[in-house]
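# Coordinate analysis (summary)
Residues per chain, in single letters:
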Amino acid sequence: MTLSPASPSPASAEHPASGPEIPGTPASPAGTREPPLGAIGTARPRIEGPAKVSGAVRYAADEPMSGVAHGWVVTSTVTRGRIRDIDTSVALAMPGVVGVIDHRNAPEVNLEAGSFFGPDGGMHLLQSAEIPHSGRPIALVVADTAEQARSAALALRVTYDEEPYDVDFHREHPAARPATSFFGEDATVGDVDEELAASTVVVDESYATPEEHGAAMEPHAATAWWEDGRLQNIDSNQGPFLVAMTVATLFRLDPKQVRVRSAHVGGGFGSKSGGCGPQLVLAVMATGMFDRPVRVTLTRNQVFQTVSMRPATDQRVRIGADADGRLRAIDHTAAFEVSKLAEYLENCTELTNTLYAARAIRTRRTAVPIDILPPYSLRGPGATPGSFALESAMDEVAERLGIDPLELRLRNEPSAGPVSGLPFSRRNLVACLKEGARRFGWTTRDHRPRRRTEGHLLVGTGMAAMSFGAGALPSSASITAEADGTFTVAIGASDIGTGARTALTAVAAEALRADPERIRLLIADSDLGPAWGAGGSRGTTSWSWAITETAARLRSRLDGATLPLTVSFDTTESLGELALLERHSYGAVFSEVTVDPATGEVRVRRLLGMFAVGRVVNPLLARSQLVGGMIMGLSMALHEEGVRDRASGRHVNADFAGYHIAAHADVPDIEADFVPDYEPGDPSGIKGVGEIGTVSAAAAIANAVWHATGRRQRTLPIRLDRVLEEDPLPPPAPATMPARSIL
């Protein structure tokens, strides 16, 4: 069966692809002005929006296919040990059952296959009788229907030899070791101990975050089959080309033999970016063994058990400051859990290296290997739990000095990278802080805690600053100028619900000086060539760079050319020529909460975020991404917590009934907006918006809870039992402090 790449009809446009120069736009370092506003910068609804809301869109588990068999995953019921026996006799005799795959008959895979961090045992499934963690896939039952496969899976009889396990993560764990330096070495700038000793105020506190799951609406699903000598795959993932290369490595295939498509993805948040998901590994095994298409769809419980999560963290932050709030030292030690099966880095110290000026900065990252599923990226990886620790500690410094938390941050604005010493390509954090404070009404705030009440409720406000690394990664694109005046743009991008189709259509329209309706966009197919995935806030940036460069070369060859004419370009060399600078998106989040001290209930009333994210491709979609990110931060602050039973080592809340995420009733009045920004190193001046909305929202909420109650919450989530006061005393009579203008 042959399926065509997604080729949606582009939305109509009322605006031309080029326009007048924008007055007052800042000049780039080369002295040229920013590109004029055209298709980029115009708010347009998603191209595929009507198809999604009408149910016409097909996700990975929806594609009709004749002769497809269904695989049901069987997972381990013990946390660590060995499989003594799997009795498949009853299952194999059941109606419709095609076969059972387990460690005794599964094809061997390449144990060197993995992710960016190296070999990943999380995808080396069914290779031995060893059980390395709870919920490990141990068999796949394949049948004519999903119901038959499920019934047969329940009939398997598995016996184990259990072994002692360790899921007890903490910073002082005896197995703790220095983390990989994948994103650079730990920082050592100045003499931290000397500066701390000379400080007027020293905050020395620990902060903890739990395991958190992506919880995407669409469960992970894949269909695999062989056709004309090629392995065809439809999979729910965040980067079809990268996944295709992983499949080729894992099964020792020529990369040209593997094709992966992911036309529509119902959310990912990092959980569909880690190389090759268990659904695809098992589907590929099964189609090779049974010579027919096989579809594997994980249940919600199986997603929690078998798909990567954000690791728990245990962080200690020490900050020393002078009486005027100037920082002398920041010492940030971050420990995070990893699996014994794979390396990973939760880069919690990213913001510590970039956000504030201090005479001395020291960071140390520690990995603690325990018996768990390999963790991987989750929205705002590293920066999000790291910001909770750093921005909570900054708030504590302000508290002890009696300084406005916003003013403290403004006083410590660096002129260059605090650790790297490199210039900033463009740093607009101050604009985010000041405009956010103005809109939020920050100057009227009494900075003393537990002063504002409404009946039995305590009311507080808080804020936090943030940054997230920006930039592009190598990608390729092809553009064909068609004889009818349209353009076909092909790039292996992935739209995971962010509106990439719509954004890239606008980018292509502006680069080609064409109306958006003349653009036909092909994405989500590994056959379209190498391209970065939707992750790290670098998807749109990387793909747009490739499209813009390709379009420039095509336009230079159009005069007198015979059509159709196709031009391709790969950005690897262009990216290598970039000057080494600090490149980041920035933002500031302001929060208002109410707290009932008698019940422990925390309600977020208001969130306001101001962001500097480069030139905004589509304000409608970008704002939606930022609002969604802030809601994820709210969910992290108050709800999300992956819990393991110490007695069994297993998940106890591996479903949406037990793993709480923010619902509509939890979402307050949320505003997200932009300050003017531009990335001079990028052809389109853009940065990423996917991650930064989440980064410091939890810290802003936690700081607001302190302001309401006078009690600091250093462990997430801020559960009822952590806030509840056995004998809540009435707050002091309302009082105000003289408002100080900091704007």
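Residues numbered from 1 in each chain as written. Predicted model: local features only at pLDDT ≥ 70, side-chain atom pairs only at ≥ 80, totals over all residues. Heavy atoms only, no water.

### Examining the overall build of the chain
Secondary structure assignment for the chain yields 18 helices and 27 strands. Over its C-alpha atoms the chain spans a radius of gyration of 26 Å, differing by no more than 12% from the 27 Å that the globule rule assigns to 743 residues. Relative to its full complement of 743 residues, the chain shows a buried share of 60%. Relative to all contacts within the chain whose residues are 6 or more apart in sequence, the contacts with residues 24 or more apart total 82%. Of the roughly 27200 Å² that the chain leaves accessible, carbon and sulfur atoms contribute 52%. Computing the positive centroid from 71 side-chain charges and the negative centroid from 89, the chain places the two 3 Å apart. (Helix = DSSP H or I, 4+ residues; strand = E, 2+ residues; numbered from the N terminus. Rg over C-alpha atoms; globule rule 2.2 N^0.38 Å. Buried < 20%, exposed > 50% of the residue type's maximum accessible area, 1.4 Å probe, protein only. Contact = heavy atoms within 4.5 Å. Areas by Shrake-Rupley, 256 points an atom, 1.4 Å probe, with all protein chains shown as cover. Lys, Arg positive; Asp, Glu negative; His and termini not counted. Charge placed at Lys NZ, Arg CZ, Asp CG, Glu CD.)

### Thoughts on helix 13 (residues 539-556)
The end-to-end C-alpha distance of helix 13, which contains 18 residues, comes to 26 Å, matching closely the 26 Å that a straight helix rising 1.5 Å per residue would cover. Of all 18 residues making up helix 13, 13 are buried, and the element is well covered by its neighbours. (Expected span 1.5 Å × (residues − 1).)

### With respect to the sheet that holds strand 6 (residues 130-131)
Here three strands make up an open sheet; going across it, the order is 6-2-8 and the pairing antiparallel. Only two strands of the sheet have a single neighbouring strand rather than two, namely strand 6 and strand 8 (157-162). Pairing of strand 2 (residues 81-87) with strand 6, which is carried by two bridges, proceeds in the antiparallel orientation. Note on strand 6: the bridge partner recorded for Gly81 is Ile131. (Pairing = 2+ DSSP bridges.)

### Some thoughts on the nonpolar core
Ranked by internal contacts, the top residues of the largest apolar core, which has 80 residues, are Ile319, Val593, Phe611 and Ile701. With residues near it in sequence (within four places) discarded, Ile701 still touches Ser591, Val593, Val604, Leu607, Leu634, Ala637 and Leu638. (Core = buried A, V, L, I, M, F, W, Y, C linked by side-chain atoms within 4.5 Å.)

### As for the pattern of salt bridges
All told, the structure shown has 63 salt bridges when counted by the stated rule. For Asp331, the salt bridge is made with Arg318, and the minimal N-O distance between the two is 2.7 Å. Remark: Arg318 occurs in strand 16 (residues 313-321) and Asp331 occurs in strand 17 (residues 327-339); sequence separation between them is 13 residues. Exposure remark for Asp331: the relative accessible area of 6% places this residue in the buried category. Among the residues examined, Arg318 registers a relative accessible area of 17% and is labelled buried. Linked through salt bridges whose partners overlap, the residues forming this network are Glu435, Arg438, Arg439, Arg623, Glu671 and Asp673. (Salt bridge = Lys/Arg side-chain N within 4 Å of Asp/Glu carboxyl O.)

### Some thoughts on the environment of Gly614
With respect to the helices, strands and loops of the structure, Gly614 is situated in the loop between strand 26 (601-612) and helix 15 (619-638). With a relative accessible area of 4%, Gly614 lands in the buried category. Spatially, the C-alpha atom of Gly614 lies 18 Å from that of Thr505, the residues being 109 residues apart in sequence. Beyond its immediate chain neighbours, meaning those up to four positions away, Gly614 contacts Asp677, Tyr678, Glu679, Gly685, Ile686 and Lys687.

### What about the side chain of Glu549?
With respect to the helices, strands and loops of the structure, Glu549 is situated in helix 13. Here Glu549 falls in the buried class, since its relative accessible area comes to 17%. A polar contact of 2.9 Å, which involves the side chain of Glu549, links it to the side chain of Arg553. Setting aside residues up to four positions removed in sequence, Glu549 forms contacts with Phe569, Ser574 and Pro683. (Polar contact = N/O pair within 3.5 Å; in protein donor to acceptor, adjacent residues only side chain to side chain.)

### Quick notes on the packing of aromatic side chains
Under the counting rule described, the total for this entry stands at 13 aromatic pairs. For the ring pair Phe117 and Phe183, a centre distance of 6.2 Å and an interplane angle of 90° mean the geometry is edge-to-face. In this pair, Phe117 is assigned in the loop between strand 4 (114-115) and strand 5 (118-119) and Phe183 in the loop between strand 9 (177-178) and strand 10 (188-189), connecting sequence segments 66 residues apart. Taking relative accessible area as the criterion, Phe117 reaches 14% and is therefore assigned buried. Here the aromatic rings of Phe440 and Trp442 are separated by 6.3 Å at their centres, their planes lie at 45°, and the arrangement is tilted. By relative accessible area, Phe440 is classed as buried at 6%. (Phe/Tyr/Trp six-rings, centres within 6.5 Å; stacked < 30°, edge-to-face > 60°.)

### Quick look at the environment of Arg439
Among the secondary structure elements, Arg439 is positioned in helix 11 (residues 429-440). Within the local environment of Arg439, its side chain forms a polar contact with the side chain of Glu671, the two groups lying 3.0 Å apart.

### Quick word on the sheet that holds strand 22 (residues 487-491)
As summarised here, the arrangement of the four strands in space is 23-22-21-24, forming an open sheet in which the pairing is mixed. The open sheet has two edge strands with one neighbour each: strand 23 (519-522) and strand 24 (565-570). Here the strands of the sheet are splayed against their neighbours by 15° on average, with no regard to which way each runs. As paired strands, strand 21 (residues 476-481) and strand 24 are joined by six bridges and run antiparallel to one another. (Axes fitted to C-alpha atoms, helices over the stretch in contact; angles between N-to-C directions.)

### Details of the side chain of Asn110
Within the element layout of this structure, Asn110 appears in the loop between strand 3 (97-102) and strand 4. Judged by relative accessible area, Asn110 falls into the buried class, the value being 16%. Sequence-distant contacts of Asn110, defined by excluding residues within four places in its chain, comprise His124, Thr249, Leu250 and Arg252.

### Here we look at a nonpolar patch on the surface
A grouping of Phe116, Phe182 and Phe183 is seen on the molecular surface, where their side chains present a nonpolar patch of about 320 Å² in accessible area. By the secondary structure assignment, Phe116 is in the loop between strand 4 and strand 5. (Patch = residues over 30% accessible without salt bridge, like charges linked within 9 Å, V, L, I, M, F, W, Y side chains within 5 Å.)

### Thoughts on the packing of helix 15 against helix 17 (residues 697-709)
The N-to-C vectors of helix 15 and helix 17 enclose an angle of 50°; their axes lie 7 Å apart at closest approach. Here helix 15 is positioned oblique relative to helix 17, judged by the angle of their axes. Taken as a pair, helix 15 and helix 17 cross one another with a handedness that is right-handed. Contact residues: helix 15 offers Met630, Gly633, Leu634, Met636, Ala637 and Leu638, while helix 17 offers Ala697, Ala698 and Ile701. (Parallel < 35°, antiparallel > 145°, perpendicular 65-115°, else oblique. Left-handed = near helix turned anticlockwise from the far one by under 90°.)

### Focus on the packing of helix 9 (residues 383-401) against helix 17
As a packed pair, helix 9 and helix 17 sit with axes 9 Å apart at the nearest point and diverge in direction by 35°. As for how helix 9 packs across helix 17, the hand of that crossing is right-handed. Listed contacts from helix 17 to Ser387, Phe388, Glu391, Ser392, Asp395 and Glu399 of helix 9 are Ala699, Ala702, Asn703 and Trp706.

### Structural notes on the confidence of the model for the chain
Where the model shows low pLDDT, its predicted coordinates should not be examined in detail. Mean pLDDT over the chain: 92, with 93% of residues reaching 70 or higher. Within the model, the stretch residues 1-37 combines pLDDT values under 50 with 83 contacts to residues more than four positions away or in other chains. Low confidence marks residues 734-743, where pLDDT is under 50. Its contacts with residues over four positions away, or in another chain, come to 25 contacts. (pLDDT = per-residue confidence, 0-100.)

### Focus on helix 12 (residues 500-512)
Its 13 residues place the ends of helix 12 18 Å apart at the C-alpha level, agreeing with the 18 Å of an ideal helix rising 1.5 Å per residue. With 13 of 13 residues buried, helix 12 lies mostly within the body of the structure. Arg513 lies just past helix 12 and shows a positive phi near 55°.

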